[in-house]
Amino acid sequence: MQYQLQGVLFMNLVSQCYPFQQMPLPYAWGALEPYIDAKTMELHYTRHFKEYVDNLNAALADCQRLQCCTLEELLRCTDRIPCALRTPVRRYAGGTYNHAMYFEGLAPGGSPFCGALARLIDCAFGSFEQFKAQFKERAAGVFGSGYAWLAANRAGRLCIVTTANQDTPLPQGLIPLLNIDVWEHAYYLKHYNDRAGYIDNWFHVADFGRASALYEERFC
Ligand code: MN3
């Protein structure tokens, strides 16, 4: 199955420079019901995500040198960032990148891994079910707020990693393919403190086809 990258949100945001702009979601707030509720989607997107984008733009407003950097450049090349801006850029560029990845990695009805990545998931984890079990365990185990990721190293080898707060896997030289936001704001309204239940529901709307397309774009 061939998967078309829609490129509406994440691809657009990662290739942008200052001022960064949130793109509209390609589906309605309630499109992921009953797995992720409309109110959570709306608040998460229009308040939490937006705040990171706004704060990032504010942090870069007086630093012309960084205004021509893409999100990935801001996050990978931290030695180019003036000391006073390192913490704000790490937080707000990270929050912008992570949320763009999260929201674009969701799709009504979800989609399966396909092509090269489907085969590699079986090789690396044994089966899709075993991948799911490991991914769930890592995501459930994030202490406090953060993300779990499916990523590839520069040789294309797959791994599951977690990051705290709004850190990304980019400084480790990894290529992110998919993430799940396990900050409480991503699930509390519907799932309360049941993070495991939220992760189970997330699998129903995770766009694994998009992760497959990102992998192929980079490695095939
Ligand atoms: Mn969030």
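### Quick notes on the sheet that holds strand 2 (residues 158-164)
Moving on, step 1. Taken in spatial order, the three strands make up an open sheet running 2-1-3, and their pairing is antiparallel. Edge strands, defined here as strands with exactly one partner in the open sheet, are strand 2 and strand 3 (175-181). With strand direction ignored, the average angle separating the axes of adjacent strands in the sheet is 25°.
Moving on, step 2. The pairing of strand 1 (residues 146-152) with strand 2 spans seven bridges and is antiparallel. Bridge pairing in strand 2 places alanine 148 opposite threonine 162.
Moving on, step 3. The sheet contacts of helix 5 (residues 115-125) involve strand 1, strand 2 and strand 3, and relative to strand 2 the element is tilted by about 85°.
Moving on, step 4. Lying on the sheet, helix 9 (residues 208-219) is in contact with strand 1, strand 2 and strand 3; it crosses strand 3 at an angle near 160°.

### Here's the deal with the coordination of the manganese ion
Moving on, step 1. With distances of 2.0 to 2.2 Å, the protein atoms coordinating the manganese ion are His44 (NE2), His99 (NE2), Asp181 (OD) and His185 (NE2).
Moving on, step 2. Counting gaps between the donor residues of the manganese ion yields the pattern H-x54-H-x81-D-x3-H. With histidine 99 in helix 4 (residues 83-104) and aspartate 181 in strand 3, this residue pair connects regions lying 82 residues apart in the sequence. The same class applies to histidine 99 and to aspartate 181, which are both buried.

What counts and what doesn't
Residues numbered from 1 in each chain as written. Predicted model: local features only at pLDDT ≥ 70, side-chain atom pairs only at ≥ 80, totals over all residues. Heavy atoms only, no water. Pairing = 2+ DSSP bridges. Helix = DSSP H or I, 4+ residues; strand = E, 2+ residues; numbered from the N terminus. Axes fitted to C-alpha atoms, helices over the stretch in contact; angles between N-to-C directions. Contact = heavy atoms within 4.5 Å. Donors = N, O, S within 2.8 Å, 3.2 Å for Na, K, Ca; no water. Buried < 20%, exposed > 50% of the residue type's maximum accessible area, 1.4 Å probe, protein only.

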